[in-house]
Amino acid sequence: MRKSVSLLFFVLSGGLQAQTDYDAIRITATDVLPGIWYLQGDGGNIGLSTGEDGVFIIDDQFAPLTEKIKAKIAEFSSEPVKFVINSHFHFDHSDGNENFGAGGAIIIAHENARIRMSEDHVISILELDQLAYDETGLPEITFTEDMSLHFNGHTVQLHHFGPGHTDTDAVIHFVEANVIHTGDVFVRYGLPFIDVPNGGNLNGMIRVMHGIIGLADENTKIIPGHGELASRADMVAYVSMLETIRDRVYEGIKAGMTLSQITATEPTRGFAGGGFLNNENFTKIAYDSFFK
Ligand SMILES: [Zn+2]
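Reading the values: rules and limits
- Residues numbered from 1 in each chain as written.
- Predicted model: local features only at pLDDT ≥ 70, side-chain atom pairs only at ≥ 80, totals over all residues.
- Heavy atoms only, no water.
- Helix = DSSP H or I, 4+ residues; strand = E, 2+ residues; numbered from the N terminus.
- Buried < 20%, exposed > 50% of the residue type's maximum accessible area, 1.4 Å probe, protein only.
- Polar contact = N/O pair within 3.5 Å; in protein donor to acceptor, adjacent residues only side chain to side chain.
- Contact = heavy atoms within 4.5 Å.
- Pairing = 2+ DSSP bridges.
- Right-handed = clockwise from strand over helix to strand, strands pointing away.
- Axes fitted to C-alpha atoms, helices over the stretch in contact; angles between N-to-C directions.
- Parallel < 35°, antiparallel > 145°, perpendicular 65-115°, else oblique.
- Left-handed = near helix turned anticlockwise from the far one by under 90°.
- Nonpolar A, V, L, I, M, F, W, Y, C, P; charged D, E, K, R; others polar.
- Core = buried A, V, L, I, M, F, W, Y, C linked by side-chain atoms within 4.5 Å.

### Topic: the side chain of Ser77
Item 1. Position of Ser77 among the secondary structure elements: in the loop between helix H2 (66-73) and strand S5 (81-85).
Item 2. Overall, the relative accessible area of 11% leaves Ser77 in the buried class.
Item 3. At a separation of 3.0 Å, a polar atom in the side chain of Ser77 contacts the main-chain amide nitrogen of Glu79.
Item 4. Each residue touching Ser77, except ones within four places of it in the same chain, is listed here: Thr50 and Val55.

### Quick notes on the pairing of S5
Item 1. Of all the 5 residues making up S5, 4 are buried; the element is thus mostly covered by neighbouring parts of the structure.
Item 2. Here 4 bridges tie strand S4 (residues 54-58) to S5, and the two strands are oriented parallel to one another. The partner of Ile58 across the bridge, within S5, is Ile85.
Item 3. In this fold, S4 hands off to H2, which returns the chain to S5; that crossover is right-handed.

### Let's talk about the packing of helix H7 (residues 232-254) against helix H9 (residues 279-289)
Item 1. At a closest axis distance of 10 Å, the pairing of H7 and H9 adopts a crossing angle of 70°. Classified by the interaxial angle, the pair formed by H7 and H9 is roughly perpendicular. Handedness of the H7/H9 crossing: right-handed. Only Phe282, Thr283, Ala286 and Tyr287 of H9 make contact with H7, whose side of the interface consists of Leu242, Ile245, Val249 and Ile253.
Item 2. Looking at the contact of H7 with H9, its residues break down into 7 nonpolar, 1 polar and no charged.

### Details of unusual backbone geometry
Item 1. We note that Asp59 has phi near 75°; this positive angle belongs to a residue other than glycine.
Item 2. Checked against the element boundaries, Asp59 lands in the loop between S4 and H2.
Item 3. Judged by its relative accessible area of 0%, Asp59 is buried.
Item 4. With phi around 55°, Glu266 is a residue other than glycine that occupies positive phi space.
Item 5. Along the chain, Glu266 turns up in the loop between helix H8 (259-264) and H9.
Item 6. In this structure Glu266 comes out as partly exposed when scored by relative accessible area, which is 44%.

### Observations regarding the pairing of strand S10 (residues 146-151)
In regular strands, side chains alternate between the two faces of the sheet.
Item 1. Because side chains alternate across S10, one face comprises the buried residues Met147, Leu149 and Phe151, and the other comprises Asp146, Ser148 and His150, none of which is buried.
Item 2. Two strands pair when backbone bridges link them, and S10 and strand S11 (residues 154-159) are joined in this way by 6 bridges, in the antiparallel orientation. Across the sheet, Phe151 pairs through a bridge with His154, a residue of S11.
Item 3. Connecting the antiparallel pair S10 and S11 is a turn made up of 2 residues, with Asn152 showing a positive phi of about 55°.

### Brief notes about the nonpolar core
General note: in soluble globular proteins, nonpolar side chains tend to be found buried as a group.
Item 1. Counting residues in hydrophobic clusters, the biggest one holds 63 residues, and the most contacted among them are Ile57 and Phe282.
Item 2. Aside from chain neighbours lying at most four places away, what touches Phe282 is Leu191, Pro192, Ile194, Leu202, Leu242, Ile245, Thr268 and Leu277.

### Here we look at H9
Item 1. Where burial is concerned, most of H9 is hidden: 8 out of the 11 residues are buried.
Item 2. Those residues of H9 that sit buried are Asn279, Asn281, Phe282, Thr283, Ile285, Ala286, Tyr287 and Ser289.
Item 3. Looking at the buried residues of H9, the elements they touch are helix H6 (202-215), H7 and H8.
Item 4. Structurally, the start of H9 carries an N-cap: the backbone nitrogen of Glu280 is 3.1 Å from a side-chain oxygen of Asn278.

Take it as geometry only, folks, not as evidence of what the structure does.
What follows is the structure in structure tokens.
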């Protein structure tokens, strides 16, 4: 399993030559608002809330990092982690589940996330195995459309706007604080990965993005799945990119072109670069999205 995780890191990092050295990873914390941070190390951004009710986190990265993550949280609170919310089932966001679950945290996720975490999976394009978690790593509380937590003075709403990055996605909205953790529906590494075989699709991702944008205003602080803190305007630009590429691919499909013919028109022109997806593999994702 660790081998798979390292390979994912290899791919997500755009081709680092070495396997992940977890001993070398540092966990950093960035202030969002008083009592809310996001932590970065390796894998997806971790949302953190501390306060009178204790500690909860959104996502928990890779299992070898759990102790470092706990040590960073201890700088802000002496309480143990009470809840872990998973933004979706991918292991760069949820591989700490077994550790946090064994430590007494209650894991919350979309119903489909529990189902997918209960089974072995291959993550498409990356061709990586994600093996089933044991019982301690599985969500104990699941939801299908919406649910709310009332914790640390926040109303924390979890929304599932339908399939997007996967069919397990949760958007986490701190209503009064005006903070949203988007999971991997919104990322800042370039063209986004969409896990089509595991229920994601481009049109869905666009629909979910409009749902998130509808929750936001110009003051909303957006914690993306990967990358730095963002704004509503950043999300508007991102969804515009997705729509432009989607429309270019659809024009090709309507004209009866094959995938390779559409790829040759470079539907991602003007946008590609920065991440591990390129014109070829992102066009395939967009194309496949029309046939799922
Ligand atoms: Zn993901």
